[in-house]
Structure formats: structure tokens, C-alpha cells
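# Understanding the architecture of this molecule
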Amino acid sequence: MQSFLQYRRFRTAVKAQLERDRAKAQGLGQQHEHSPCSDRSDDDKVDVEKGHGQQSLPLGVSPGELVQDNGLPLPHEERDTMAANLRPEAYRTEETEPPPTHQPDDDDDDDEDENDDADLSHQRTTLSRVPTTHSTLSARHALSATLTGIQIRQRRTQEGGSGDVFVVGYEGPDDPNDPHNWSYWQRIPCTLLIAAIGCVVGLASAIDSSALPQAAAEFGVSEVVESMATGLFLVEFGAGALFAGPISETVGRNPVYIVTLAIFMCFVLGSALAPNIETQLTMRFFAGLFGSTPLTCAGGSISDLWSPLERVFSFAIFANAAFTGPLLGPVMGGFIAEYLDWHWVDWITLIISGVVLALVFFFQPETYPPILLKWKAAHLRELTGDPRYRAEIEVREESLAHRLKRALYRPFLLTAREPIIILVALYLTVIYIILFTFLDGYTYIFTLPHHLSQGLTGLCFLGIILGLCGASALVPLIYSWAKRDLALLQSRAVAAGRDPASARLPPEFRLWYSMLGGSLAIPISIFWMAWTTSSSISLWSPLAASVLFGYGILCVFITCYQYIIDAYETYAASALASITLIRYFAAGGMTIAGIPFYQNEGVAYTLTILACLSCLLVPVPYVFYRYGPAIRAKSKYAIKSG
């Protein structure tokens, strides 16, 4: 609903822009009405929008490229301006390359995809900075004034077609249609809704584990078999990440949120009504697949709304919700399973998901810039009758199948070639293994030694949630450091004669969360919990350890995600998809193996093994902070500067 209203508002804004451009073009025409370029009869003039008059096609326009009835959308002076020696500076002429004489190989495919991503990167970084060229000639004045925020260029060879294309951008850096320019009162509710989506699908991933004994008894299976309901959900969480990005970059964020969340609810309903274990596992399998899609796209929506500096605090909101969801699952589910029918864990999930879906449908606007500019280009084509107006995403006309093909193999390519991605994936995998084995392990850590009920055992997860809040307390400190460092970099850029807007924080700045005790907190807390879980030691000791663990996992999660986004930019979606796939596959498998692991090895040795694994990864943020620039300099995909 909100996207529909937003689409209509875009049309109003485009009409207003066209009126302003027409007025500017007429004003410039009056200033140069006695110039040689304007010395022609009024009959030869062409209306900016309607294009009445009989003229030959301008240079660069192929026959049949324009709608005959609508005429030409530009002033008559275009013939002079579009001459080869009078093209605006923003106009780029690219010669067609001869066809290759060799057979394509894998490197050619990589180069093609790199070109694709380079185009997308250029599109994203120049949407609000499209240059407008001015000249002393009347024609160039009129063209520049008329095409505010439009980049004129020829179609490239790989784009297909020929002739000129008018690439539509924002009207300027302060364009109110750019989500980065929305007020805080618009962006904060959007961010909270995105966080709510992440929270509700995270809740669904873990809440069934709290009803494990009751569900296993009803279906007549062991608890290990029933734990597959959680394990399969997590595995498909990872698989769905491969498809989420390409789909959202084709149709926009909102359709992905709304459609997949609705389908996700259908499978949650199926799980609630499942008459046997086979049906339940099938329903949970597909619920995980569709539940991962909105969660995976949420990071992209945060980037759509907030600048890199603002993401210091905005991403922390989303990260808190992403971790709080799986922890709230057992908090709620324990009491539901103890006092209500265990099927209510799915019914409660369904109700909360429905509330979130309704809020997203009615109040969440579209935020993906290429889709917003695609709307603008569509309105321009309709209002001017000129089919050459295209958003950058439309120029190449890349199909969803092509995007999916790239999305399915590139994450594995990056994982195999990039040591940064390998280490980050291992780091998050260990954290998620520990976190999700707690869903089964808390029974052995708290329930059995301290004789707690299901509901009280679920409440023990509040310790980790409290730790997440402790990590959030670092946000103001790190934000102040970010503002200070960015101001220093901008002053250096000015002193060097560069645009201060080109200054940016290096990706290594994002590592501060982990270096402020986050990476050390994880192994310390797990060792602490391992050797204080006993009926002879107070319950509060392992609970205090869980608070420290919550602090550590959120610090590391924010560090890893933000570092990958800043270090890989254009390739960040593929890198994050790979990391998501690996960590959820491992977490899903360990959730199933968790029960026999705790039963056979005992709490102390199980947690000690996990703590030792996390110890091996403690140096990672410090190594990246010291050697990150050198590692990125040798990388094929990471940015080299910054």
C-alpha cells in the first residue's frame, strides 16, 4: 500500500520537475534568443515535453527509437548540442569492440560479472551526483537545464541496442525522493519495521525447540528427530540467502518482504496443523526457506536508508533485533509448552508474523534506489513520450535468471579466493553453533542441575539478551569516534585539493566493537559457563557468563557484517550470502547433533571444546586491523583504498 502511494507521489514530483526544467529552458532561451544558435524561426522550436514540429532525428537516435506521434522531447537546439564536438562532458562515446576471436572461459565469465557489478556500483554511487553540463552555447544551456539529473550517453556494446540513452538519476544531492534525504521521523520507523521482520523470523527459528519433549511425545519420535524441525529451518535459512539478494534487486525490497513473509506464514500455519512428524518437518523446511528472504534483505534496506556514518547506530538496531528473535523464542516457548498446548508455539508465531506483515504492507515504503529511479524513468517516458529515459537498472535489461546464476556461484567463488571472507565465515559459524546448541544445551546447563521448569529455563536466555544491550551501550562512543575520524579525513582531503565528500572511513574502523572486549568475551564466557554449571554452584554464575556471551556475540556480529559491507561494497551481497549460507548450515547441523553431544560429553567438556574453537578466532579482528589494508590491496574483489 505504502509503495503504491509512494509511486503516485513520484509521478507528482516528476511532473513538478519537468515544469521547473521547462521554465529554466525557456529562461535560458530568452537570454540567448539573439545568439547564432537560436536564430531560427518559431516554427522550428520544439516543446520540451510534447516535442511538436517536424525535424530529422538527432545524432545518435536510431529510426523507430522514438514514438512518431509524440515527436522529439528536446529543444530544436539538440541537433547542434548533440554534434560530436558539442556533446556535454557527461556524455561518453564508447567505440564498439570487435567480437572476440577466442573461446570464452571462466575468466571471461568473471570479467563479465565484474563489469556488471562495476556498472551497478557506479549506479549506486552516482545516483545523487549526476553532473549537469553547462556551456556558453544556447543549445547546451537549454539541454543542461532541461535534463536536470539526467546523464546522456550512448548504449554500451554489452548493453545491446544502439543510439543514445538518458540515464535517470536523482534531481540532485538533496532530492527528497532519495531515502538518504528522508527525515529521521521517516527513516527510524522504517528501520524499526525492518528490525521487526528480522526479529519475527528469528523467533520462528527457535521457538519450536522449547516444545521439544511435548512434540516428540505426540509424534512418537525421539527428541533428536524432533530437533530436526529447528535444524531444517536453519539450513533453509542459509539456502534462501542465495536467492534473496537478486530477487530484491530486480523487483525491490517491499515485494520481497510482503510476498515471502505471507508465504512464510502459510508454512507456519501448516506446521501448527501438522498431524505427523513428516508434515511438520516439511512445513518447517519451507518456512525456513521463505523466512530467510526478508531477513537477508534487511541489511540492504539499512544501507538504502542510512549513510556509512549513520550505520554505526542504525545497524546496531537491526543486529539487536536479529539476535533477540532467536532468544525470545525459548523465553516465550518455554511457558507456552508448559501451560498451553505445544502447538501454540506456532500459533503465537503466526499471530506476531501477521501483525508485522500488516505493518509492513501499510507503512513500509520502498527504499531500493534503482527501483525508485526505475519508477521515475517510467513516469518520464509517459509524460514526455520519449522511450530513451531509462534507469540504470533498465539500460542493461538484465534478467532475473542471469542475476540468480551469478548469485548461485559467486558466493562460493569469493569464499574460495578471499581469506577475509573465509575467516569471517568461520568466526560467525562458531558463534552460531554455540548460540543454537544452547537451544538444546540449556536443558543440561540449567534444567537438570538446578531442577528448573521449562518456563524458567527459557527465562535464562534473558541473560544473553541483557548482554546484547551491553554491546549496544558502545554505540555512542564508537559513533563519536567515527565523526571525529571522518572530520579529520575530510580536512585532509580539502588540504590536498580533493572533494571532502570523497573522504570515507576505512573498513578497519568497524573492528572496534570486537577489539573493545567483544572477541575475548566469547571464549571467557563459555569457559566460565562450562566449569560453573553444577548443582553445587549458584545458578547466577552461569547466568552471569551468558550476559558476557551476549555482549561478545553482538560485538562480533556487528564487526563482521559492517567490515564485509565496507570492504567489498559491490560484492558485499555475494560475500554476505556466502557467510550466511555457511553459518546457518553449520548451526542447523549442530542443533540436531547438540543433544547427543551434551549427553555423551557432558556440559563441561562440550562447552570447553566450543570455547577452544572460539579462542582460535580471537586474534582475527586484531589481525584485520593491523594487516587489513595490505590484505585488501592483494584482493581481487575488496576495495583497495580507505
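Residues numbered from 1 in each chain as written. Predicted model: local features only at pLDDT ≥ 70, side-chain atom pairs only at ≥ 80, totals over all residues. Heavy atoms only, no water.

In the nomenclature of an unreviewed UniProt entry, the protein chain corresponds to Major facilitator superfamily (MFS) profile domain-containing protein from the organism Friedmanniomyces endolithicus. If you open the UniProt record of the protein chain and go to Subcellular location (unreviewed entry), you find "Membrane". As stated in UniProt under Sequence similarities (unreviewed entry), the record for the protein chain gives "Belongs to the major facilitator superfamily." (UniProt positions renumbered as here; feature names shortened; annotations may be inferred.)

In terms of regular secondary structure, the protein chain is built from 23 helices and three strands. Taking all 642 residues of the protein chain together, 57% fall into the buried category. (Helix = DSSP H or I, 4+ residues; strand = E, 2+ residues; numbered from the N terminus. Buried < 20%, exposed > 50% of the residue type's maximum accessible area, 1.4 Å probe, protein only.)

Turning to the nonpolar core, a few remarks are in order. The biggest cluster of nonpolar side chains holds 120 residues, and the ones touching the most others in it are Phe438, Tyr568 and Leu607. A per-element tally of this core places helix α16 (residues 419–450) first, with 19 residues. Once residues within four sequence positions are removed from consideration, leucine 607 is found in contact with Phe438, Ile445, Ile526, Met529, Ala530 and Tyr598. (Core = buried A, V, L, I, M, F, W, Y, C linked by side-chain atoms within 4.5 Å. Contact = heavy atoms within 4.5 Å.)

So, on to the packing of helix α5 (residues 184–207) against helix α12 (residues 344–363). Relative to each other, α5 and α12 sit at 165 degrees, their axes nearing to 10 Å. Classified by the angle between their axes, α5 and α12 sit roughly antiparallel to one another. The crossing of α5 and α12 is left-handed. Contacts between α5 and α12 involve Leu193, Ala196, Ile197, Val200, Leu203, Ala204 and Ile207 on the former and, on the latter, Val345, Thr349, Ile352, Ser353, Val356, Leu359, Val360 and Phe363. (Axes fitted to C-alpha atoms, helices over the stretch in contact; angles between N-to-C directions. Parallel < 35°, antiparallel > 145°, perpendicular 65-115°, else oblique. Left-handed = near helix turned anticlockwise from the far one by under 90°.)

Counting across every chain of the model gives nine salt bridges. The salt bridge partner of arginine 311 is aspartate 566, with a shortest N-O separation of 3.2 Å. Taken together, the positions of arginine 311 in helix α11 (residues 311–339) and aspartate 566 in helix α21 (residues 540–568) put the pair 255 residues apart, joining distant regions of the chain. With relative accessibility at 7%, the residue arginine 311 sits in the buried group. Its relative accessible area of 5% is what places aspartate 566 among the buried residues. Linking aspartate 386 and arginine 388 is a salt bridge whose minimum nitrogen-to-oxygen distance equals 3.1 Å. Each member of the pair, aspartate 386 together with arginine 388, is buried. One salt-bridge network, in which partners are shared between bridges, spans Arg311, Arg510 and Asp566. (Salt bridge = Lys/Arg side-chain N within 4 Å of Asp/Glu carboxyl O.)

If you check which residues of helix α18 (residues 462–472) are buried, you get Gly463, Ile464, Ile465, Gly467, Leu468 and Ala471. The inward-facing, buried residues of α18 contact α11, α16, α17 (454–459), α19 (475–495), α20 (512–530) and α21.

Before going further, it helps to examine the packing of α16 against helix α23 (residues 620–633). As a packed pair, α16 and α23 sit with axes 11 Å apart at the nearest point and diverge in direction by 160 degrees. Comparing their axes, α23 and α16 come out roughly antiparallel. α23 is crossed by α16, and the crossing has left-handed handedness. Across the interface between the two elements, Pro419, Ile420, Leu423, Val424 and Tyr427 of α16 pack against Val620, Pro621, Phe624, Ile631 and Arg632 of α23. Considering only residue class, the contact of α16 with α23 consists of nine nonpolar, no polar and one charged. (Nonpolar A, V, L, I, M, F, W, Y, C, P; charged D, E, K, R; others polar.)

Next up on the list: the sheet that holds strand β3 (residues 389–391). Reading across from one edge, β1-β2-β3 is the order of the three strands in this open sheet, with mixed pairing throughout. At either end of the open sheet lies a strand with only one pairing partner, and these are β1 (150–154) and β3. On average, each strand axis in the sheet is tilted by 40 degrees relative to the strand beside it, whichever way the strands run. As defined by bridge partners, β1 adjoins strand β2 (residues 164–168) across five bridges and the pair is classed as antiparallel. Following the sheet pairing, isoleucine 150 is matched in β2 by valine 168. (Pairing = 2+ DSSP bridges.)

Attention now goes to the packing of aromatic side chains. This structure, assessed with the given rule, holds 30 aromatic pairs. For the pair phenylalanine 361 and phenylalanine 362, a centre-to-centre distance of 5.0 Å together with 90 degrees between the ring planes defines the contact as edge-to-face. Judged by its relative accessible area of 42%, phenylalanine 362 is partly exposed. Ring geometry for tyrosine 432 against tyrosine 584: centres 5.3 Å apart, planes inclined by 75 degrees, an arrangement best described as edge-to-face. One end of the pair, tyrosine 432, is in helix α16; the other, tyrosine 584, is in helix α22 (residues 572–616), and 152 residues separate them in sequence. For tyrosine 584, a relative accessible area of 6% gives the class buried. An aromatic cluster of at least three residues, connected via ring pairs, comprises Phe233, Phe237, Phe315, Phe318, Phe323, Tyr432, Phe436, Phe557, Tyr561 and Tyr584. The ring of tyrosine 184 has arginine 187 sitting right over it, with the charged end atom 5.0 Å from the ring centre. (Phe/Tyr/Trp six-rings, centres within 6.5 Å; stacked < 30°, edge-to-face > 60°. Lys NZ or Arg CZ within 6 Å of the ring centre and 35° of its normal.)

Moving on, we get to the environment of leucine 408. Counting through the fold element by element, leucine 408 comes out in helix α15 (residues 400–417). Judged by relative accessible area, leucine 408 falls into the partly exposed class, the value being 34%. The spatial distance from the C-alpha of leucine 408 to the C-alpha of serine 578 is 9.5 Å, given a sequence separation of 170 residues. Apart from the residues lying within four places of it in its own chain, the contact partners of leucine 408 are Leu242 and Phe243.

Position of histidine 343 relative to the elements: it lies in the loop between α11 and α12. Taking relative accessible area as the criterion, histidine 343 reaches 11% and is therefore assigned buried. Within the structure, the side chain of histidine 343 is placed 3.1 Å from the backbone oxygen of alanine 272, a separation counted as a polar contact. Every residue in contact with histidine 343, bar those within four places of it in the chain, is listed here: Glu218, Ala272 and Ala274. (Polar contact = N/O pair within 3.5 Å; in protein donor to acceptor, adjacent residues only side chain to side chain.)

Attention now moves to α21. An ideal rise of 1.5 Å per residue puts 42 Å on 29 residues; α21 measures up with 42 Å between its terminal C-alpha atoms. The element α21 is largely enclosed, with a buried count of 25 among its 29 residues. Among the residues trailing α21, glutamate 569 stands out with phi positive, at a value near 45 degrees. (Expected span 1.5 Å × (residues − 1).)

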